[in-house]
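Residue-level listing of the chains:
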Amino acid sequence: INVSAIPGGNINDTYLVETAAGRYVLQRMQEGMSLSALEYNYNLYSDVFDREKILYPKWMKQQNGSYFFTDLSDEERRSFRMYKYLEGDILSTPLSEGQCYQCGYGLGKLHSVLKTLPAGPRAVYPHLHDISYYYEQYREALDNIRDHEIEEIIKKTMPEMLSTEHSFISVIHGDAKLSNMLFKDGKVIGFLDLDTVMTGSVPEEIADCIRSCCLSDNSLNKSAASKLIQGYLDASIS
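Residues numbered from 1 in each chain as written. Predicted model: local features only at pLDDT ≥ 70, side-chain atom pairs only at ≥ 80, totals over all residues. Heavy atoms only, no water.

Things to note about empty space enclosed by the protein
Consideration 1: Applying the stated rule across the entire model yields two cavities of 30 Å³ or more.
Consideration 2: When its volume is computed, the largest cavity comes out at roughly 70 Å³.
Consideration 3: Taken together, Q27, Y45, P57, W59, R81, Y83, D193, L194 and D195 make up the lining of the largest cavity.
Consideration 4: Taken as a whole, the second largest cavity encloses approximately 30 Å³ of empty space.
Consideration 5: If you trace the second largest cavity, you find it lined by L38, N41, Y42, Y45, W59, L194 and D195.
Consideration 6: Along the lines of polarity and charge, the residues of the lining of the second largest cavity split into five nonpolar, one polar and one charged. (1 Å grid on protein atoms, 1.4 Å probe; cavity = no way out; pocket = protein on both sides within 12 Å on 5 of 7 lines; lining within 4 Å. Points joined across faces, edges and corners; volume = space filled by probe spheres on them. Nonpolar A, V, L, I, M, F, W, Y, C, P; charged D, E, K, R; others polar.)

Some details on the sheet that holds strand β4 (residues 69-70)
Pairing between the strands of a sheet is mediated by backbone hydrogen bonds and can be parallel or antiparallel.
Consideration 1: Spatial strand order, β1-β2-β3-β5-β4: five strands in an open sheet with antiparallel pairing. Strands with a single pairing partner mark the edges of an open sheet, and in this sheet they are β1 (2-5) and β4.
Consideration 2: Note: β4 against strand β5 (residues 79-84), two bridges, orientation antiparallel. By the bridge assignment, F69 is partnered in β5 with F80. (Pairing = 2+ DSSP bridges. Helix = DSSP H or I, 4+ residues; strand = E, 2+ residues; numbered from the N terminus.)

Some words on the layout of surface pockets
Consideration 1: By volume, the largest pocket is sized at about 610 Å³.
Consideration 2: Contributing to the lining of the largest pocket are 25 residues, with I6, S179, N180, L192 and D193 lying nearest its centre.
Consideration 3: Elements that contribute at least two residues to the lining of the largest pocket include exactly β3 (22-28) and β5.
Consideration 4: Considering only residue class, the lining of the largest pocket consists of ten nonpolar, ten polar and five charged.

Observations concerning the packing of helix α2 (residues 97-114) against helix α5 (residues 202-213)
Consideration 1: At a closest axis distance of 11 Å, the pairing of α2 and α5 adopts a crossing angle of 150°. The angle between α2 and α5 places the two elements in the roughly antiparallel class. By crossing handedness, the relation of α2 to α5 is classed as right-handed. Every residue of α5 that contacts α2 at C100, C103, L107 and H111 is listed here: V202, E205, I206, C209 and C213.
Consideration 2: Class assignment of the residues belonging to the contact of α2 with α5 gives a composition of seven nonpolar, one polar and one charged. (Axes fitted to C-alpha atoms, helices over the stretch in contact; angles between N-to-C directions. Parallel < 35°, antiparallel > 145°, perpendicular 65-115°, else oblique. Left-handed = near helix turned anticlockwise from the far one by under 90°. Contact = heavy atoms within 4.5 Å.)

Some points on the environment of D175
Consideration 1: Considering the arrangement of structural elements, one finds D175 in the loop between β6 (169-172) and β7 (181-184).
Consideration 2: Taking the C-alpha atoms as reference points, D175 and G65, 110 residues apart in sequence, are found 29 Å from one another.
Consideration 3: Not counting residues up to four positions away in its chain, the partners in contact with D175 are N180, T196, E205 and D208.

Observations concerning the packing of α2 against helix α6 (residues 222-237)
Consideration 1: Between α2 and α6, whose axes approach to 6 Å, the crossing angle comes to 35°. Once α2 is placed against α6, the crossing between them reads as right-handed. Of the residues in α6, those in contact with E97, C100, Y101, C103, G104, Y105, L107, G108, K109, H111 and S112 of α2 are S223, A224, K227, L228, Q230, G231, Y232, D234, A235 and S236.
Consideration 2: Here the contact of α2 with α6 is composed, by residue class, of nine nonpolar, eight polar and four charged.

Examining unusual backbone geometry
Comment: phi is negative for the bulk of residues other than glycine, and the bulk of peptide bonds are trans.
Consideration 1: Following T93, the chain continues to P94 via a peptide bond in cis, the omega torsion being 5°.
Consideration 2: Tracing the backbone shows P94 in the loop between β5 and α2.
Consideration 3: A positive phi angle, near 55°, is found at D185, a position not held by glycine.
Consideration 4: Of the residues examined, D185 reaches a relative accessible area of 69% and is grouped as exposed.
Consideration 5: Even without glycine at this site, D193 takes up a positive phi of about 50°.
Consideration 6: With respect to the secondary-structure elements, D193 resides in the loop between β8 (187-191) and β9 (198-201).
Consideration 7: By relative accessible area, which is 33% here, D193 ends up partly exposed. (Buried < 20%, exposed > 50% of the residue type's maximum accessible area, 1.4 Å probe, protein only.)

As structure tokens, this is what we get:
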């Protein structure tokens, strides 16, 4: 009936496909992604999420059994996938402290479930969230980019960041921002954009979630952040 672009994504080109049979999401996969790693990770978490009743995009297979369709008529040979549109609520900031608590609770539950995966996920992108790699790239760029104020900040903070980069490593979402959380009746019921599922830093993931949920006028709302962390801790021990 209609095809329209879904804005806001930074990875894949995403479209809403409306048909008489229902609504679907069609995605053109970003170049450079490992489709084999994507499928491997999907098979890892899909059974676990089904068991725990966590909603997530369920990929549809073609008649030949493949999840991905490659457009051979396109010079770039881009690949596509499709899944049924997930019904739920996407919240936007500013959030109440109660909503921040639920964000933390949902993330804590997700991390607990990801710990039960039968194996570790494979890397879909090279160097995703690799602070050491990013820092080396920055140092190589210093000859062309000179911002002494930023350099001083980085010089003071990088040693601590690099020393803690490999602490609290576990399987994480990889992009746990508010727009990737699906809500119903005020609670997190599922997650979107799971292409970034990876082994990574849990504190960095929590901080990324706080960044997307607990900022007000570009300033951290410490009370809201505390509520989010409390929700995370409550989910982790429940």
